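Residue strings, one per chain:
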Amino acid sequence: MKIRYYLLAMGAMFLMASCDKEDKLDEKSIFPDETVSNPTPLDKWLEVNYQQPYNIQLKYRFEFKESDTEKNLAPASYDKAVALAKLTKYLWIESYEELKGRDFIRKYCPKIMHFIGSYGYNSGGSVTLGVAEGGMKITLYNVNNIDYENPDIEFLNYWFFKTMHHEFAHILHQTKPYPVDFNEISAANYQSESWVNLEDDEWLDLGFITDYASRETQEDFVELIANYVTHDQAWWDAQLAKASKDGRAAIETKLDIVRDWLKTAWEIDLDALREIVQRRSANVKLLDLQTLN
């Protein structure tokens, strides 16, 4: 069975929930009175490392009301939740904090992160990588397959961190719109729901960095950011080398718009962000993902 890169947060659900409107994110805590009976060491660590500094609640226990009731799901195991909580803080939250400061993350980041242990299978055999809800909550699947003794950055990026960068980029462009000129560069080549039928890197010839980027303009925009920062220059150059002349030119032109917009609208240097993410990614195997300290 061929598993396609199918991310509901990048699909129709996300578009209906959040992409057609600006999200108004409030710095004020949305869960000041929530308490956990019999808190675990992880609960106490999350209070100090997520809720207090960033106003983020991380849910690792299985909650039926927070989950997709149409899927057969399993909870995240405690030790794998510890590992991903530490990885998310180090690779994603602290990357932006290093570049932009804590107040930036506290104001604009999603307020709830939700871990599911199992795959999120869809009808037809595709697999959901993650789900974003209105810029406020991100659910990540497949947590129980993390190898915390020998973490693989490619696995981590595919399942978790490209998703995080992708969804955060949506929040940013919904808050401060990007130039409409971006939408015209590949206007004739967007595939809508037919993006799932693209094969053999043909999306590169059409001017898209991934197959999903060809779905529509906003997904194209955030896929450029997510894939640029989570891959090194050698990977990026290899993708462009496989593209047609017109496809490569389109990708490079759109990336220039992305880079300029981030700098002008957010004072974010895309290449500086990438350098931070890549440096931290190179250190993943050195992290202690089992001890809460």
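Structure's up top.
Reference entry: report on the structure contained in this document. Model, not experiment: these values are computed from the prediction. (Residues numbered from 1 in each chain as written. Predicted model: local features only at pLDDT ≥ 70, side-chain atom pairs only at ≥ 80, totals over all residues. Heavy atoms only, no water.)

1. So, helix H5 (residues 153-175)
- Residue Trp 159 marks the point of greatest curvature in H5, where the axis turns by about 45 degrees.
- Counting buried residues along H5, 18 of its 23 residues qualify, which places the element largely inside the surrounding structure.
- Taking the backbone nitrogen of Glu 154 as reference, a side-chain oxygen 3.0 Å away marks Asp 152 as the first, capping residue of H5. (Bend = angle between axes of the 7 residues up to and from the residue. Helix = DSSP H or I, 4+ residues; strand = E, 2+ residues; numbered from the N terminus. Buried < 20%, exposed > 50% of the residue type's maximum accessible area, 1.4 Å probe, protein only. Polar contact = N/O pair within 3.5 Å; in protein donor to acceptor, adjacent residues only side chain to side chain.)

2. Re helix H10 (residues 245-266)
- In this model H10 runs 31 Å from its N-terminal to its C-terminal C-alpha over 22 residues, within 8% of the 32 Å that 1.5 Å per residue would give.
- All buried positions along H10 are accounted for by Gly 247, Ala 250, Ile 251, Lys 254, Leu 255, Ile 257, Val 258, Trp 261, Leu 262 and Trp 266. Across the axial projection of H10, the buried residues extend over an arc of 160 degrees, all falling on one side. Among the exposed residues of H10, those oriented more than 90 degrees off its buried face are Lys 245, Asp 246 and Thr 264.
- Looking one or two places after H10, you find Glu 267, whose phi comes out positive at around 55 degrees. (Expected span 1.5 Å × (residues − 1). Arc of directions from axis to C-beta.)

3. Digging into empty space enclosed by the protein
- Following the criterion strictly, the structure yields 2 cavities of 30 Å³ or more and no others.
- Each pocket or cavity is described by its volume, and for the largest cavity that value is around 50 Å³.
- Along the walls of the largest cavity sit Tyr 96, His 165, Phe 168, Ala 169, Leu 172, Ile 225, Leu 262, Ile 268, Leu 270 and Leu 273, which together make up its complete lining.
- Sorting the residues of the lining of the largest cavity by element identifies H5 and helix H11 (270-282) as the ones contributing at least two each.
- The element that contributes the greatest number of residues to the lining of the largest cavity is H5, accounting for 4 residues. (1 Å grid on protein atoms, 1.4 Å probe; cavity = no way out; pocket = protein on both sides within 12 Å on 5 of 7 lines; lining within 4 Å. Points joined across faces, edges and corners; volume = space filled by probe spheres on them.)

4. Considering the side chain of Asn 227
- Along the chain, Asn 227 turns up in helix H8 (residues 217-230).
- Apart from the residues lying within four places of it in its own chain, the contact partners of Asn 227 are Lys 162, Ile 209, Thr 210, Trp 235 and Trp 236. (Contact = heavy atoms within 4.5 Å.)

5. A closer look at the environment of Met 136
- Considering the arrangement of structural elements, one finds Met 136 in the loop between strand S6 (130-133) and strand S7 (137-140).
- Put simply, Met 136 and Pro 110 are 26 residues apart on the chain and 4.4 Å apart in space, counted from C-alpha to C-alpha.

6. Regarding the packing of aromatic side chains
- According to the stated counting rule, one finds 20 aromatic pairs in the structure shown.
- Between Tyr 60 and Tyr 78, the ring centres sit 6.1 Å apart and the planes meet at 75 degrees, which makes this aromatic pair edge-to-face. Pair noted here: Tyr 60 is in the loop between strand S2 (57-59) and helix H3 (78-100) and Tyr 78 is in helix H3, with a separation of 18 residues, a long-range link.
- For the pair Phe 104 and Phe 168, a centre-to-centre distance of 5.9 Å together with 85 degrees between the ring planes defines the contact as edge-to-face. Of the two residues, Phe 104 is situated in helix H4 (residues 102-108) and Phe 168 in helix H5; the sequence distance between them amounts to 64 residues. With respect to class, Phe 104 is no different from Phe 168; both count as buried.
- Aromatic rings pair up to connect Trp 92, Tyr 96, Phe 104, Tyr 108, Phe 168 and Trp 266 into one cluster.
- Sitting above the plane of the Phe 104 ring, Lys 100 keeps its charged end 5.5 Å from the centroid.
- The cationic tip of Lys 176 hangs over the ring face of Trp 266; the distance from NZ or CZ to the ring centre is 4.2 Å. (Phe/Tyr/Trp six-rings, centres within 6.5 Å; stacked < 30°, edge-to-face > 60°. Lys NZ or Arg CZ within 6 Å of the ring centre and 35° of its normal.)

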